[in-house]
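# Structure at a glance
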Amino acid sequence: MKFQWSLILGLFFALLTAVFAVMNVDTVPVNFGFDFVSIPLILVILGCALIGGVVVGSYGIFRQYKLQKQIKSLNAELAKLRDANSINMEPIPAESDPFTPEGSSQL
């Protein structure tokens, strides 16, 4: 359900950005630091939105990769601890069960 709301919200903001970009079609000078270029504002808005999406997507992929790596190492550690625990565990005899009161009948 969370994914569906995220998708709907993302589509809404994409539509809002597209409508805003279409309303601003005037040409504007853009300074790249080494040259001035006159391009339509719609391309500037959509380009910035695209660059922002790429940056956020790259961060999400990096974070997911990092979490998968952490999950893999934690699963390996858990398996190692379970193996070590199963080797060291010995069954407790029923006669020395400290939780049964003395004199009680066992079935």
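Residues numbered from 1 in each chain as written. Predicted model: local features only at pLDDT ≥ 70, side-chain atom pairs only at ≥ 80, totals over all residues. Heavy atoms only, no water.

## Quick look at the overall build of the protein chain
The helix and strand tally for the protein chain stands at two helices and two strands. Written out in order from the N terminus, the α and β elements of the protein chain read α-β-β-α. For the protein chain, the residues scored as buried account for 3% of the 107 residues in total. (Helix = DSSP H or I, 4+ residues; strand = E, 2+ residues; numbered from the N terminus. Buried < 20%, exposed > 50% of the residue type's maximum accessible area, 1.4 Å probe, protein only.)

## Details of a nonpolar patch on the surface
A grouping of Leu 9, Phe 12, Phe 13 and Leu 16 is seen on the molecular surface, where their side chains present a nonpolar patch of about 410 Å² in accessible area. Within the secondary structure layout, Leu 9 lies in helix α1 (residues 2–23). (Patch = residues over 30% accessible without salt bridge, like charges linked within 9 Å, V, L, I, M, F, W, Y side chains within 5 Å. Areas by Shrake-Rupley, 256 points an atom, 1.4 Å probe, with all protein chains shown as cover. Salt bridge = Lys/Arg side-chain N within 4 Å of Asp/Glu carboxyl O.)

## Looking at the environment of Val 44
Within the secondary structure layout, Val 44 lies in helix α2 (residues 41–88). In this structure Val 44 comes out as partly exposed when scored by relative accessible area, which is 23%. Residues Val 44 and Val 30, 14 residues apart in the sequence, show an inter-C-alpha distance of 8.6 Å. Those residues within four positions of Val 44 in sequence are excluded, and the remaining contacts are Val 28, Val 30 and Ile 39. (Contact = heavy atoms within 4.5 Å.)

## Quick look at the confidence of the model for the protein chain
As a general rule, the predicted coordinates of low-pLDDT regions are not to be interpreted in detail. Residues with a pLDDT of 70 or more make up 81% of the protein chain, whose mean pLDDT is 82. Averaged over each element, pLDDT in the protein chain is lowest for α1 (84) and highest for α2 (90). (pLDDT = per-residue confidence, 0-100.)

## A word on the packing of aromatic side chains
Taken as a whole and judged by the stated rule, the model has two aromatic pairs. Ring centres of Phe 32 and Phe 34 lie 6.5 Å apart, and the angle between their planes is 25°; this geometry places the pair in the stacked category. (Phe/Tyr/Trp six-rings, centres within 6.5 Å; stacked < 30°, edge-to-face > 60°.)

## Brief notes about the pairing of strand β1 (residues 27–31)
Here β1 runs beside strand β2 (residues 36–40); their pairing, made up of five bridges, is antiparallel. Each bridged residue has a counterpart across the sheet, and for Val 28 the counterpart in β2 is Ile 39. Here β1 hands over to β2 after four residues, with Gly 33 in that stretch at a positive phi of 95°. (Pairing = 2+ DSSP bridges.)

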